[in-house]
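# A closer look at the structure
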Amino acid sequence: MILISCPDCGSRDETEFHYGGQAHVPYPEDPNALTDEEWGRYLFYRENTKGIFAERWVHSSGCRKWFNVLRDTVTYRIAAVYRTGEPRPTLDGGSQ
Amino acid sequence: MADLLPEHPDFLWRNPEPKSSYDVIIIGGGGHGLATAYYLAKNHGITNVAVLERGWLAGGNMARNTTIIRSNYLWDESAAIYEHSLKQWEVLPEELDYDFLFSQRGVLNLAHTLQDVRDSVRRCEANRLNGVDAEWLDADQVKEVCPIINTSDNIRYPVMGATYQPRAGIAKHDHVAWAFARKADELGVDLIQDCEVTGFVKDGNRVVGVQTSRGTIAAGKVALCAAGHSSVLAEMAGFDLPIQSHPLQALVSELHQPVHPTVVMSNHVHVYVSQAHKGELVMGAGVDAYNGYGQRGGFHVIEEQMAAAVELFPIFARAHLLRTWGGIVDVTPDASPVVSKTPIDQLYVNCGWGTGGFKGTPGAGWTMAHTIAHDEPHEYNAPFALERFSTGALIDEHGAAAVAH
């Protein structure tokens, strides 16, 4: 069980949240202009980072808002929490 | 009494130093990598082969799965490859000269809702059209096959019936790996442990070797069989995979007298249970929701699957948990594997088996070996190419995969 700090509700158990996968994946500006390969990449391909990963969570059992988390996918330790729309923070120590 | 394990063979494999060059290098010394090496040698006569393993042989998902073997998948493409795999399981103990305790004790996939019933009956019919043994059982027949299941209507999701595949079963997973490894070694394959791949050597768009923690090794062809770490290797090689790596946990109880005669899986209350030869109850459930490479997950996932198990099997209520563990599964968007050529010449990938890779071990090895030997897919893995994620010809097995992704 990981503890997640919802930007609005504070620290809560992982079971109150649902996972949303990779953050910062914009909807294509003009989907009709994409080739099948490009559309397939938008639909099915996501980063699968081993290390610090920017991902989305939603506080389903609380405020029901989406937000972003930087989390290490090896240790599962959360490095940063930030609101949707904010840029990905730079972590101390130079690693992204 | 529970079964005694067979005698351990007195010799398994050599531990050779890597040569400077091989015709084929297979990255990943788990079940799939070992089976690929075995079938390369046996079916195609290609024996100048190395299997590189960064840890020890079969210490990843091959050591961590719940050993369920079945072929009752919905779509024609899946039925073909999983049934071919099951047919190999049926001959492998003799072929590999190794009794790995393949036990065809059947699998029940339970239905708890009307929609479950409709989906299950449909899957039975589809299975039968594809030559896969499958029958629909009502709740009373389920009770006959597995007397310890609670089929009364006093639980939250009563058992309304189940699909039954009698030829399904379990095997002793470590012994399966050792059986493939011993035979591959005997046929001349070098199994090289403690050898981590750190990069790829390319000539233009063609792979010509790998950099490893034990030096650079040249290769005519390279095959990735690295399950949860497939994305990491693919990125190193210069292409992407539609894979997300998740923790998947399992657990065993203490040893008990034999009480559970078959394999039971429930998609809806979400647990799967069998009893190993030694007597442990072996259970698993769904993946942890988040991406993870940590080989561990949250205890709430274990709690939920135990709650489901105790509801279905009240007799388990006082069984003690002995051990839990996690593996890293490589999940695709359609819950079907990728056994494919890649955008890099002479580089091949076998991954995306998600939560169901163990049963697919012989099928993956067979088709991957063919793909490597001929630079063309076998008819059974042609539909499982990477191209399906741009053509849209997905093979959606979320239902038959029986595990939430």
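Basis of the calculations
- Residues numbered from 1 in each chain as written.
- Chains lettered and ligands numbered in written order.
- Predicted model: local features only at pLDDT ≥ 70, side-chain atom pairs only at ≥ 80, totals over all residues.
- Heavy atoms only, no water.
- UniProt positions renumbered as here; feature names shortened; annotations may be inferred.
- Helix = DSSP H or I, 4+ residues; strand = E, 2+ residues; numbered from the N terminus.
- Buried < 20%, exposed > 50% of the residue type's maximum accessible area, 1.4 Å probe, protein only.
- Contact = heavy atoms within 4.5 Å.
- Rg over C-alpha atoms; globule rule 2.2 N^0.38 Å.
- Areas by Shrake-Rupley, 256 points an atom, 1.4 Å probe, with all protein chains shown as cover.
- Lys, Arg positive; Asp, Glu negative; His and termini not counted.
- Charge placed at Lys NZ, Arg CZ, Asp CG, Glu CD.
- Pairing = 2+ DSSP bridges.
- Axes fitted to C-alpha atoms, helices over the stretch in contact; angles between N-to-C directions.
- Core = buried A, V, L, I, M, F, W, Y, C linked by side-chain atoms within 4.5 Å.
- Disulfide = S-S within 2.5 Å.
- Parallel < 35°, antiparallel > 145°, perpendicular 65-115°, else oblique.
- Left-handed = near helix turned anticlockwise from the far one by under 90°.
- Nonpolar A, V, L, I, M, F, W, Y, C, P; charged D, E, K, R; others polar.
- Buried area = accessible area lost by both parts, 1.4 Å probe.
- Salt bridge = Lys/Arg side-chain N within 4 Å of Asp/Glu carboxyl O.
- Expected span 1.5 Å × (residues − 1).

An unreviewed UniProt entry annotates chain B as Sarcosine oxidase subunit beta originating from Nocardioides albus. A UniProt comment under Sequence similarities (unreviewed entry) is attached to chain B, and it reads "Belongs to the SoxB family."

Looking up chain A in an unreviewed UniProt entry gives the name Sarcosine oxidase subunit delta, with the organism given as Nocardioides albus.

## Some thoughts on the overall build of chain A
Looking only at helices and strands, one finds 1 helix and 6 strands in chain A. Reading the secondary structure of chain A in the N-to-C direction produces β-β-β-α-β-β-β. Each principal axis of the C-alpha atoms in chain A carries an extent, and together these give about 45 × 35 × 25 Å. The buried share of chain A, reckoned over its 96 residues, is 33%. Taking the intrachain contacts of chain A between residues at least 6 apart in sequence as the baseline, contacts between residues at least 24 apart amount to 45%.

## Digging into the overall build of chain B
Helices and strands together make up the secondary structure of chain B, namely 9 helices and 18 strands. Its C-alpha atoms give chain B a radius of gyration of 21 Å, near enough to 22 Å, the size a compact globule of 405 residues would have. Seen through its C-alpha atoms, chain B measures out along the principal axes to roughly 65 × 50 × 40 Å. For chain B, the accessible surface area stands at approximately 15200 Å², while carbon and sulfur atoms represent 49% of it. Of the side chains in chain B, 29 bear a positive and 47 a negative charge, and the two mean positions are spaced by 2 Å.

## Describing the sheet that holds strand E14 (residues 271-275) of chain B
Residues and elements named next belong to chain B. On the basis of which strands lie adjacent, the open sheet formed by 8 strands has the order E5-E6-E4-E13-E14-E15-E12-E16 and mixed pairing. Edge strands, defined here as strands with exactly one partner in the open sheet, are strand E5 (135-137) and strand E16 (321-331). Averaged over neighbouring strand pairs, the angle between their axes works out to 20 degrees when direction is ignored. With 3 bridges joining them, E5 and strand E6 (residues 161-165) adopt antiparallel strand pairing. Counted as the bridge partner of Trp136 is Thr163 from E6.

## Digging into the nonpolar core
Residues and elements named next belong to chain B. Ile26, Trp89, Phe100 and Phe180 are the most contacted members of the largest nonpolar core, which totals 50 residues. Listed by contribution, the elements that provide at least two residues to this core are strand E1 (21-27), helix H1 (31-44), strand E2 (49-52), helix H2 (76-95), helix H5 (173-186) and helix H8 (361-374). With 7 residues, the single largest contributor to this core is H1. Aside from chain neighbours lying at most four places away, what touches Phe180 is Leu34, Ala35, Tyr38, Tyr39, Leu92, Leu96 and Thr361.

## Quick word on the state of the cysteines
The term disulfide refers to a covalent linkage connecting the sulfur atoms of a pair of cysteines. Residues and elements named next belong to chain B. With the rule as written, the count across this model stands at 0 disulfides over all chains. With no disulfide of its own, Cys146 lies closest to Cys124 among cysteine sulfurs, the gap being 17 Å. Take Cys225: it sits in no disulfide, and the sulfur closest to it among the cysteines is that of Cys351, at 9.2 Å. With a relative accessible area of 7%, Cys225 lands in the buried category.

## A short note on the packing of H1 of chain B against H8 of chain B
Residues and elements named next belong to chain B. One way to put it is that H1 packs onto H8 with a least axis distance of 7 Å and a crossing angle of 55 degrees. One element, H1, and the other, H8, form an angle in the oblique class. Pair H1 / H8 crosses with right-handed handedness. Within the contact between the two elements, H1 uses Gly31, His32, Ala35, Thr36, Tyr39, Leu40, Asn43 and His44 and H8 uses Thr361, Pro362, Ala364, Gly365, Trp366, Met368, Ala369, His370, Ile372, Ala373 and His374. Residue composition of the contact of H1 with H8, grouped by class: 10 nonpolar, 9 polar and no charged.

## Structural notes on the interface of chain A and chain B
Listed as interface residues are 23 residues of chain A and, on the opposing side, 27 residues of chain B. For the chain A and chain B pair, buried surface summed over both sides reaches about 2100 Å², with 54% attributable to carbon and sulfur atoms. Three residues stand out in chain A for area buried against chain B, namely Phe44, Asn48 and Tyr76 of chain A, and they jointly supply 34% of the buried area on that side. At the surface where chain A touches chain B, the tally comes to 1 salt bridge.

## Brief notes about the sheet that holds strand E4 (residues 52-58) of chain A
Residues and elements named next belong to chain A. On the basis of which strands lie adjacent, the open sheet formed by 4 strands has the order E3-E4-E5-E6 and antiparallel pairing. Edge positions in the open sheet fall to strand E3 (18-22) and strand E6 (78-83), since each of these has one partner strand only. Here the strands of the sheet are splayed against their neighbours by 30 degrees on average, with no regard to which way each runs. Direction of pairing for E3 relative to E4: antiparallel, over a ladder of 4 bridges. In the strand pairing of E4, Tyr19 is matched with Trp57.

## Here's the deal with helix H3 (residues 114-129) of chain B
Residues and elements named next belong to chain B. In this model H3 runs 23 Å from its N-terminal to its C-terminal C-alpha over 16 residues, within 8% of the 22 Å that 1.5 Å per residue would give. Residues Asp116, Val117, Ser120, Arg123, Cys124, Ala126 and Asn127 constitute the buried set of H3. Those residues of H3 hidden inside the fold are in contact with strand E4 (107-111), E5 and E6. Positive phi shows up at Gly131, right after H3, with a value of about 75 degrees.

## Topic: the environment of Gln305 of chain B
Residue and element names in this part refer to chain B. Relative to the elements of secondary structure, Gln305 occurs in helix H7 (residues 299-312). Taking the relative accessible area as the measure of exposure, Gln305 reaches 1% and is therefore buried. Taking C-alpha positions, Gln305 is 35 Å from Glu196, a pair spaced 109 residues apart along the chain. Non-local contacts of Gln305, meaning those with residues more than four positions away in its chain, are made with Ala250, Leu251, His270, Val271, Met283, Gly284 and Ala285.

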